[in-house]
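# Structural features, examined
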Amino acid sequence: MTLRRTVLAVLALAAGWGGAEARAQERTLRVSLNTELQILDGIVTTTNATRVFTYLVYDMLFAIDDAGNYHPQMVEDFTVSDDRLTYTFRLREGLEFHDGQPVTSEDVVASLNRWARREALAQQMMRVAESFQALDARSFQLKLREPFAYVIEALGKPGNAIPMIMPARLAAGTPHTTAVADQVGSGPFIFERSTWRPGERAIFRRNPRYRPRAEPASGLAGGKVAHFDRIDVISMPDQATRAAALQAGEIDFIEIIAADYIAPMRRNRNIRIANPRGAGQIMSILNINHAQPPFNNPAIRRAAQIAINQSDVMASLGLPEGLYMQSCQALYMCDTEGQSDAGTEIFRGAGTARARQLLREAGYANEPVVFLHSESSALLNPMGLVMMDQLRQAGFNVQNVTTDYATAAARRLNRGPITAGGWSAMNVIWNGIDLINPLANPGIAYNCQNYPGWICDERQTELLRQLATARSPEDRRRFADELQAAFHDNVNFILAGQFTAPAAYRADLQGVIDFPIAVFWNMARRR
């Protein structure tokens, strides 16, 4: 009898542990991102993995919803003077950082001053700023010398350099070029730095101090309710391994599912495939180097522009119909409010024959075109191969430099000649949500600044200034259209096609927010 009681006790204990483990698994969301989490600062880098990290750990003053509208987030209310020169903001009551310290207006001012040293849109705003200061613990004020049309959009900018709020001690003490050493935010999740193993796993715990807004979640706006106690971001570089793990239920969410797996997963009743449209899609880009031959010649840039056939580039991805467009030359994305055909008449008659003619007329002397090709990227690899072939058919002397993405991205920062490790072209991708605001669109916003490609067109400098101070929606639209026309005429970058890189997730997840960058609040496991 004693032995029997002992065995029953052990079995009961084991069952209890098993039940606890099962409950813990149910409260854990297991995620695989498309790129590795390496840098823990959304100001220092623009990689999507760091953006996901930033949205989890930090919060912003304003936030964009899935329709492209901006709403207060950390801000409770704000006023704008009649002359549009003074913006006064008040923080929500009870906001706290992960270390228990209150979020104050001093933290806001220090954080945004650091961000403004990095972000082009912020720099345009600060050029016309007279002062930016804290008024009391919860109130702060921005005074301008002249109106700036995109103050709220700047403070709620969703990407590139993210206007995240951190303690003043970190913001003021860390250069904008260096990642902060201590990841203390006020967002819905806390990063578990002590267990982080780069290339393996990153763990985030639900922030018990977080106070969600009352509004429904939409995009980055509204109530960020954390239903999971823990999020595990698991490194799985191999696409097949990632897809198999999702189908087996070993992970719950894949940020981007490779095209080869979309059709079979659509047939799996346990899997859901997202289908974002418009600003939720991605634009393929050919980044060309204006600082070095041959693309320092506008006529040669035009030949390359006419050589790129979007339909063939998109076909290389192997996406099912409905997930890409045959053609889109809209700088602010197709299927959006800002879609425009301004300046697109230059694409009439585009193709190899026309590109060859333009190249001859430009006096091209067979200078090498060093193309940085990212073989490790499931998206960039096939598109890059097609673009190189199209340029060769047009008569360009293309030299393929194939590496992993990180190596290519590092070389892309080199402005020097190709004999000194420089480059001529590299295909990249831009998230649509980053393109809808002209003053934040990297295709024009970094004009005459230190940004790879080093575009500099004085016409666009003046148009950007006029857009920033435009008073009416009609004027803003007119200047935006003129900027798009100048973008195409100067061949700042070459648009190579609009497409969807969808997320895939387990069907028992509900409340998934359909947004270009993965966010994990509002999401819960269906019981």
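Up top you'll find the structure we're talking about.
Residues numbered from 1 in each chain as written. Predicted model: local features only at pLDDT ≥ 70, side-chain atom pairs only at ≥ 80, totals over all residues. Heavy atoms only, no water.

With that settled, the discussion passes to the pairing of strand E9 (residues 201–206). Taken together, the 3 bridges between strand E8 (residues 189–191) and E9 define a ladder with antiparallel strand orientation. Counted as the bridge partner of Phe 191 is Phe 204 from E9. Sheet topology places E9 next to strand E10 (residues 230–234); 5 bridges connect them, and they run antiparallel. Looking across to E10, one finds that Phe 204 is bridged to Ile 231. (Pairing = 2+ DSSP bridges. Helix = DSSP H or I, 4+ residues; strand = E, 2+ residues; numbered from the N terminus.)

Turning our attention to the state of the cysteines. Two cysteines form a disulfide when their sulfur atoms are joined by a covalent bond. Counted according to the given criterion, the structure contains 2 disulfides. The disulfide partner of Cys 328 is Cys 334, and the S-S distance across this bridge is 2.1 Å. One quick way to see it: the torsion about the S-S bond of Cys 328 and Cys 334 is about 105°, and its sign makes the bridge right-handed. The class of Cys 328 is buried, set by a relative accessible area of 1%. Through a disulfide, Cys 448 is tied to Cys 456; the S-S separation comes to 2.0 Å. Classification of the bridge connecting Cys 448 and Cys 456 rests on its S-S torsion, roughly 95°, and on that basis the disulfide is right-handed. Indicated for the chain is the disulfide connectivity 1-2, 3-4, based on numbering the bonded cysteines in sequence order. (Disulfide = S-S within 2.5 Å. Buried < 20%, exposed > 50% of the residue type's maximum accessible area, 1.4 Å probe, protein only.)

Most of strand E1 (residues 28–32) is tucked away: 5 of the 5 residues are buried. Judged by which residues are buried, E1 turns out to be covered on both faces: Thr 28, Arg 30 and Ser 32 on one side and Leu 29 and Val 31 on the other are all buried. Pairing geometry for E1 and E10, over 4 bridges, is parallel. Bridging across to E10, Arg 30 finds its partner in Asp 232. In this structure, E1 lies alongside strand E11 (residues 253–254), joined through 2 bridges in parallel fashion. Bridge pairing in E11 places Ser 32 opposite Ile 254.

This part is about the packing of aromatic side chains. For the coordinates displayed, the defined rule picks out 18 aromatic pairs. On the numbers, 5.3 Å between centres and 55° between planes, the contact of Tyr 364 with Phe 396 is tilted. Of this pair, Tyr 364 sits in the loop between helix H11 (352–361) and strand E14 (368–374) while Phe 396 sits in the loop between helix H12 (380–393) and strand E15 (397–403); the two residues are 32 residues apart in sequence, bridging distant segments of the chain. The ring of Trp 521 carries the charged tip of Lys 224 above its face, separated from the ring centre by 4.7 Å. (Phe/Tyr/Trp six-rings, centres within 6.5 Å; stacked < 30°, edge-to-face > 60°. Lys NZ or Arg CZ within 6 Å of the ring centre and 35° of its normal.)

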